[in-house]
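A structural walkthrough
The lines below spell out each chain.
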Amino acid sequence: MKLIGMLDSPYVRRVAVSLQLLDLPFEHHPLSVFSAFDHFRQINPVVKAPTLICDDGTALMDSTLILQYAESIAPGRSLLPSDPQRLLRSLRVTGLALAACEKSVQIVYERKLRPEDARYQPWLERISSQLLAAYDELERELASGVPDIGGGAIDQAWLSTAVAWHFSRRMTADIVPEDEYPALAALSARAEALDAFRAAPYGDGAYPVRF
């Protein structure tokens, strides 16, 4: 399989980390939807990252749909709980993490792609409040303590949360203060130390990074 997209995207990165933890081999092609638009379009006309090119040539888009497929072919492994109540919480946490990703990306696009004199401050304030609301909820989810995620114990919920937090701190640190979210900061630090995260670090590099 081939994963197309840059690891500075939280969506691409969550897929790269997840595929490793599911023991699914893949090639990574770090193409930008901006600077490599025409090249990307030859692979997927929609130019959406992440794109996963499956073994039969099918192009899948959207990180959640890609990971749904990955779960179906993983060799006896899963990043989702089987118990319904645990799964319910996992899906809630994952939804919050993806909301944080979405709002962070919207802020980045508003700041970097729209001319300064065309930015709409009420919109920025609205999506910033949504971003903080997502992290407020995630911090509350960690109120009982940061989970032990070492030794392959991390699940999709906390994986996605860690990826989202790292992206937000890199790109919207002025909006998301680390000292107000100590549990999320601690979770992120633990996750970034895991081999699967270190092999696919945030940035413009290609997996696997050797360490």
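The rules behind these values
Residues numbered from 1 in each chain as written. Predicted model: local features only at pLDDT ≥ 70, side-chain atom pairs only at ≥ 80, totals over all residues. Heavy atoms only, no water. Helix = DSSP H or I, 4+ residues; strand = E, 2+ residues; numbered from the N terminus. Buried < 20%, exposed > 50% of the residue type's maximum accessible area, 1.4 Å probe, protein only. Contact = heavy atoms within 4.5 Å. Salt bridge = Lys/Arg side-chain N within 4 Å of Asp/Glu carboxyl O. Phe/Tyr/Trp six-rings, centres within 6.5 Å; stacked < 30°, edge-to-face > 60°. UniProt positions renumbered as here; feature names shortened; annotations may be inferred.

Thoughts on the environment of Phe167
Examined against the element boundaries, Phe167 turns out to sit in helix H6 (residues 156-171). When its relative accessible area of 5% is taken as the criterion, Phe167 is described as buried. Put simply, Phe167 and Leu22 are 145 residues apart on the chain and 22 Å apart in space, counted from C-alpha to C-alpha. When sequence neighbours within four positions are dropped, the list of residues in contact with Phe167 reads Asp8, Pro10, Ser104, Val105, Val108, Thr172 and Tyr202.

Observations regarding the pattern of salt bridges
In the structure shown here, the tally under the stated rule is eleven salt bridges. Here Arg13 and Glu192 are joined by a salt bridge, their closest N and O atoms 2.8 Å apart. In this pair, Arg13 is assigned in helix H1 (residues 10-21) and Glu192 in helix H7 (residues 182-192), connecting sequence segments 179 residues apart. Here Arg13 falls in the buried class, since its relative accessible area comes to 1%. Among the ionic contacts, a cluster of salt bridges with common partners joins Arg89, Arg92, Glu137, Arg140 and Glu141.

Quick word on the packing of aromatic side chains
Evaluated as defined, the whole model comprises six aromatic pairs. Seen from their ring centres, Phe26 and Tyr207 are 4.5 Å apart, and the 15 degrees between their planes marks the pair as stacked. Of this pair, Phe26 sits in the loop between H1 and strand S2 (27-29) while Tyr207 sits in the segment after helix H8 (195-198), placing them 181 residues apart in sequence. Per residue, the accessibility class of Phe26 equals that of Tyr207, and both read buried. A network of ring pairs unites the aromatic residues Tyr135, Trp165 and Tyr181 as a single cluster.

Comments concerning the UniProt feature "domain: GST N-terminal" (unreviewed entry) in the protein
UniProt marks residues 1-78 with the feature "domain: GST N-terminal" (unreviewed entry), using the numbering shown here. A distance of 18 Å separates the end C-alpha atoms of residues 1-78, which is 38% helix and 15% strand.

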